[in-house]
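Observations on the model geometry
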Amino acid sequence: MDRRNFVRNMATSASGLILGSGLLQAADAQAAVDKGPQGRIKQMMQYRKLDAHVHLGLSNDPPELNVDFAERLGIDRMFLSKPVTRGPGAPEDFRACNDVILKAMKKYPNRLGGMLTLNPQYPKESLEEIKRCTGEGMTGVKVYYQVKINDPLFYPILEKVSEMKLIILMHAEAALGIGGYRMKYDQKIKPMTSRPEDFIEAAARFPEAMFQYAHTGGGPDWEYACKALRHSPNVYVDVSGSNNENNMVEFAVSTLGVERVLFGSDNMYYQSVGKIMDARLTEEQKRKIFFDNYKNILQKGGYHVD
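One structure accompanies this document, and this report is about it. In every chain, residue numbers begin from 1 and rise along the written sequence. Restriction of local features to residues with pLDDT of at least 70 applies here, the model being predicted, together with a cutoff of 80 or more for giving and counting side-chain atom pairs; totals for whole chains, interfaces and linings are based on all residues. Each side-chain value is worked out from all heavy atoms of the structure, with water and hydrogens disregarded.

Things to note about the overall build of the chain
Counting secondary structure elements, the chain contains 12 helices and 8 strands. For the chain, the proportion of its 306 residues judged to be buried stands at 54%. In what follows, residue pairs with any heavy atoms lying within 4.5 Å of each other are defined as contacts. Residue pairs in contact within the chain that sit at least 24 positions apart in sequence constitute 76% of those at least 6 positions apart. Residue burial considers only the protein chains on display, and all accessible areas are found by Shrake-Rupley using a 1.4 Å probe. In the form shown here, the chain has an accessible surface area of approximately 13,700 Å², with 53% of it arising from carbon and sulfur atoms. We count a stretch as a helix when DSSP gives it H or I for four or more residues in a row; a strand needs E for two or more, and each element gets its number in order from the N terminus. Relative accessibility decides the category of a residue: with a 1.4 Å probe and only protein chains considered, values under 20% of the type maximum give buried, values over 50% give exposed, and everything between is partly exposed.

Side note on the pairing of strand β4 (residues 140-143)
Burial along β4 is two-sided: G140 and K142 and V141 and V143, pointing in opposite directions, are all buried. The sheet contact formed by strand β3 (residues 112-116) and β4 spans 2 bridges and is parallel. Within β4, the residue paired with L116 across the bridge is V141. Crossover handedness is defined by viewing with both strands directed away from the observer: a clockwise path from the first strand over the helix to the second marks the crossover as right-handed. Each parallel crossover has a hand, and for β3 linked through helix α6 (residues 123-135) to β4 it is right-handed. The rule for pairing is simple: two strands pair if DSSP sees at least two bridges between them. With 4 bridges connecting them, β4 and strand β5 (residues 167-170) associate as parallel partners.

Structural notes on the packing of aromatic side chains
Aromatic contacts are taken between Phe, Tyr and Trp rings whose centres are within 6.5 Å, Trp giving its six-membered ring; a plane angle under 30 degrees counts as stacked, one over 60 as edge-to-face, and the others as tilted. If you walk through the whole model with that rule in mind, you get 9 aromatic pairs. Taken together, a centroid distance of 5.4 Å and an interplanar angle of 45° make the contact between Y47 and F290 tilted. Here F290 lies in helix α12 (residues 283-300) and Y47 lies in the loop between α3 (29-45) and β1 (49-55), a separation of 243 residues in the sequence. Across the pair, F290 and Y47 agree in class, each one buried. In this structure an aromatic cluster arises from ring pairing among Y47, F263 and F290. By definition here, charges over rings are those cases where NZ of Lys or CZ of Arg is within 6 Å of the ring centre and within 35 degrees of the ring normal. Stacked on the ring of F290, the Lys or Arg K49 has its end atom at 5.4 Å from the ring centre. Just above the ring of F69 sits the side chain of R72; from NZ or CZ to the centre is 4.7 Å.

Points about unusual backbone geometry
One non-glycine residue, K165, adopts positive backbone phi at about 60°. Among the secondary structure elements, K165 is positioned in the loop between α7 (155-164) and β5. Look at K165 and you get partly exposed, because its relative accessible area is 45%. With a phi angle near 75°, N247 is a residue other than glycine that sits in the positive phi range. Checked against the element boundaries, N247 lands in the loop between β7 (235-238) and α10 (248-256).

A closer look at the pairing of β1
Most of β1 sits out of view: 7 of its 7 residues are buried. Examined bridge by bridge, β1 and strand β2 (residues 75-81) share 5 bridges and lie parallel to one another. Paired with H55 across the two strands is S81, which belongs to β2. In the classification by handedness, the crossover that spans β1, the intervening helix α4 (residues 63-73) and the parallel β2 is right-handed.

A short note on α4
Where α4 is concerned, the buried positions are P63, N66, V67, F69, A70 and L73. Each buried residue of α4 sits inside an arc of 165° when the element is viewed along its axis, so together they form one side. G74 lies just past α4 and shows a positive phi near 70°. It is the directions from the helix axis to the C-beta atoms whose arc is reported.

Focus on the packing of helix α5 (residues 91-107) against α6
Helix axes use the C-alpha atoms of the stretch in contact, all axes being lines fitted to C-alpha atoms, and the angles between their N-to-C directions lie in the range 0 to 180 degrees. At a minimum axis distance of 11 Å, the contact between α5 and α6 shows a crossing angle of 15°. The angle between α5 and α6 places the two elements in the roughly parallel class. Judged by the twist between their axes, the crossing of α5 over α6 is right-handed. Between α5 and α6, the contacting residues are P91, F94, R95, N98, D99 and L102 on the first element and E125, S126, E128, E129, R132 and C133 on the second. Charged residues are taken to be Asp, Glu, Lys and Arg, nonpolar residues to be Ala, Val, Leu, Ile, Met, Phe, Trp, Tyr, Cys and Pro, and polar residues to be all remaining types, Gly included. Within the contact of α5 with α6, the residues separate by chemical class into 4 nonpolar, 2 polar and 6 charged. An angle counts as roughly parallel when it lies under 35 degrees, as roughly antiparallel when it exceeds 145, as roughly perpendicular when it falls between 65 and 115, and as oblique in every other case. When the near helix sits turned anticlockwise from the far one by under a right angle, the crossing is termed left-handed; a clockwise turn instead gives a right-handed crossing.

Let's talk about the side chain of S272
Considering the arrangement of structural elements, one finds S272 in helix α11 (residues 269-277). For S272, a relative accessible area of 0% gives the class buried. At 3.3 Å, the side chain of S272 and the backbone oxygen of G264 are in polar contact. The contact partners of S272, leaving out residues within four places of it in the chain, are V239, S240, G241, F263, G264 and S265. Whenever two N or O atoms come within 3.5 Å, that pair is a polar contact, provided that in protein one can donate a hydrogen and the other can accept it, and provided that, for residues adjacent in sequence, both atoms are side-chain atoms.

Details of the side chain of K275
Mapping K275 onto the fold places it in helix α11. Among the polar contacts listed, one links the side chain of K275 to the backbone oxygen of G241, at a separation of 3.0 Å.

Things to note about the sheet that holds strand β8 (residues 261-262)
Across the sheet, 8 strands lie side by side as β1-β2-β3-β4-β5-β6-β7-β8; this open sheet has parallel pairing. Of all strands in the sheet, those with a lone pairing partner are β1 and β8, marking the two edges.

Written out as structure tokens, the structure is:
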């Protein structure tokens, strides 16, 4: 690799962090000189954006913080969720989480959408919660690692979301090694966390369902995940997370097709916008990732974005 390409690659992988400080540099140093930070920000604001993976209530931050970031980065709408990340995830727990999201949606109806959470260990209550929350305007489902996505406990849920054409966003991990586990880098991954192989099985059993594989930029082996999911056309990946490795977004596009790649932040706002802005993609491809792909998913379920 020559010196120019080395500098380009290093700049690209750091672009999200630099954008966050207001000092974003282009991957190509000459482009940075020509446009400058303000030019880059102006260019970024020209893209409409739908954040397909973002949270509220996992910290003490109020919804006003989400709205502030949305306005700062030109995000038309954020689709919030509050999964149960501790304890057994009983019905009273996931109902309370969904109430937090519903309250924020009602306070900021033009900026914040919602994705409900549930626990398939409680099938009756979970199906009731789908009815309740979609009746209040929620447009998808966000689940955590209480149960693997391919577990039979999920079958009634997947049948329902298939029928309603709702996308289901599942927390995911991917580490290489025997049985999907890399001993050298022990991440203390929970045993019920879904891996690419679990998505493949669920997607094949429920071909009408739409699955969202979470945060390829959140630390997992994104290259392995994309390769594994290549032949599962009803599985989408979002690029959310703080990791900004060079070629991450481009690899997802070339492996899966641009229509299966979604913009999401997982509350890592600047990094997630920056990695798409500096990806070596066409303007049309960036528009699809930022906005069009998720808009099309929402429209399948009867939800329309102006």
